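Here is what each chain is made of, one letter per residue.
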Amino acid sequence: MTGPTREATADPIALPSTPLADAVMNLIRPVETPSVFNHSIRSYLFARLVVGRLGLAVGHDYRDDLLFAACAMHDLGLASDGPHRQRFEVEGADRAAEFLIQHGMSTADADQVWQAIALHTSPGIAERRGTLCVLVREGVALDFGGPAGADHLDAVTDEQADAMHAAYPRLDMIRSLTDAIVAQAAKDPKNAPRYTTPGELLRERQTFGRTRLEHTGRSSRWGD
């Protein structure tokens, strides 16, 4: 399965036009909030810009179909139809891998996507688990607009960012995403182990009424 052509990737909002990409979109769109859905797609678009910054080549250093699948489904653990019985990163990784295998992807390739999703909130670990994990984490971080994504913020021009946000508006993403993570975490203690992202967001909301993530979002380059 091939990704977009070199010409297509010059378009900052071009998405892969493959049956798998269509299937992924059809999976996530009905079960994620519009804000979380848009965040997932922007994460892929931002990750593609990091590719250029890191001097990587599609088809040689990474596969675009795996990058799209991992970015688009990285918050699938927050889906409204999910079982919500483990931390959202792992639940999303499990669902994504199962979905990809059902659609003909090899177990090895599905496992790469699993790792990228399961580790996307794990700094210092994701970066040591291969190119796909790096790109997914960087793409997600860039959509927060700093400070978490500060390493590659200057890889994004204002024109590119404006095109992405026009096609996939932010819709108060940081608050919306935090709401979804906290709601999922509160359903079962196993969803929110202490010192994990969902565990800490839930604790901060319950203790302070606002998370550090939401507070730092005020200084985001993207304005939320």
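Residues numbered from 1 in each chain as written. Predicted model: local features only at pLDDT ≥ 70, side-chain atom pairs only at ≥ 80, totals over all residues. Heavy atoms only, no water.

A. Spatial organisation of the overall build of the chain. Looking only at helices and strands, one finds eleven helices and zero strands in the chain. Walking the chain from its N terminus toward its C terminus, one meets helices and strands in the order α-α-α-α-α-α-α-α-α-α-α. Expected size for 224 residues packed as a compact globule is a radius of gyration near 17 Å; at 16 Å, the chain falls within 12% of this value. Principal axes of the C-alpha set define a box for the chain whose edges measure 50 × 40 × 35 Å. By residue count, 55% of the 224 residues in the chain fall in the buried class. Surface summary for the chain: the accessible area is close to 10,200 Å², and the carbon and sulfur share equals 52%. Positive and negative side-chain charges of the chain, numbering 23 and 30 respectively, have mean locations separated by a distance of 6 Å. (Helix = DSSP H or I, 4+ residues; strand = E, 2+ residues; numbered from the N terminus. Rg over C-alpha atoms; globule rule 2.2 N^0.38 Å. Buried < 20%, exposed > 50% of the residue type's maximum accessible area, 1.4 Å probe, protein only. Areas by Shrake-Rupley, 256 points an atom, 1.4 Å probe, with all protein chains shown as cover. Lys, Arg positive; Asp, Glu negative; His and termini not counted. Charge placed at Lys NZ, Arg CZ, Asp CG, Glu CD.)

B. Here's a closer look at helix α8 (residues 158–167). When we look at burial in α8, the residues that qualify are Ala161, Met164 and His165. One face of α8 carries all of its buried residues, which in axial projection span an arc of 90°. Exposed side of α8, more than 90 degrees from the buried face: Glu159, Asp162 and Ala166 are the residues found there. (Arc of directions from axis to C-beta.)

C. Local environment of the environment of Gln115. Following the sequence through the fold, Gln115 ends up in helix α6 (residues 107–118). Residues Gln115 and Ile101, spaced 14 residues apart in sequence, show a C-alpha to C-alpha distance of 15 Å. If we ignore the near neighbours within four places in the chain, the residues touching Gln115 are Arg129 and Cys133. (Contact = heavy atoms within 4.5 Å.)

D. Expanded view of the side chain of His39. Structurally, the position occupied by His39 is in helix α3 (residues 34–53). Classification of His39 by relative accessible area gives buried; the value is 1%. Side-chain polar atoms of His39 contact the side chain of His74, separated by 3.1 Å. Apart from the residues lying within four places of it in its own chain, the contact partners of His39 are His74, Asp75, Val140, Asp143, Phe144, Met173 and Leu177. (Polar contact = N/O pair within 3.5 Å; in protein donor to acceptor, adjacent residues only side chain to side chain.)

E. Just helix α2 (residues 19–28), in detail. Most of α2 is tucked away: seven of the ten residues are buried. Buried residues in α2 make contact with α3, α4 (64–72) and α5 (88–102).

F. Structural context of the confidence of the model for the chain. Overall, the prediction assigns the chain a mean pLDDT of 92, with 94% of residues at 70 or greater. Across residues 1–8 the pLDDT falls below 50, and counting only partners more than four positions away or on other chains, this stretch makes eleven contacts in the model. (pLDDT = per-residue confidence, 0-100.)

G. Looking closely at the side chain of Glu204. The residue Glu204 is located in helix α10 (residues 197–208) in this model. Taking relative accessible area as the criterion, Glu204 reaches 4% and is therefore assigned buried. Glu204 has contacts with Gly209, Arg210, Thr211 and Arg212, leaving out every residue within four places of it along the chain.

H. Quick look at the nonpolar core. Ranked by size, the top nonpolar core spans 67 residues in total, and within it Leu67, Met73 and Leu100 carry the most contacts. With ten residues, the single largest contributor to this core is α3. (Core = buried A, V, L, I, M, F, W, Y, C linked by side-chain atoms within 4.5 Å.)

I. Representation of the environment of Arg194 within the structure. Considering the arrangement of structural elements, one finds Arg194 in the loop between α9 (173–185) and α10. On the basis of relative accessible area, Arg194 is assigned to the partly exposed category, the value being 46%. A sequence separation of 55 residues divides Arg194 from Gly139, and the C-alpha atoms of the two residues are 25 Å apart. With near-sequence residues (within four places) excluded, Arg194 lies in contact with Glu200 and Arg203.

J. Molecular detail of unusual backbone geometry. Its identity is not glycine, yet His84 carries a phi of approximately 55°, on the positive side. On the secondary structure map, His84 appears in the loop between α4 and α5. Positive phi values are uncommon outside glycine, yet Leu171 reaches one of about 55°. Assignment of secondary structure puts Leu171 in the loop between α8 and α9. Residue classification places Leu171 among the partly exposed residues on the basis of a relative accessible area of 45%.

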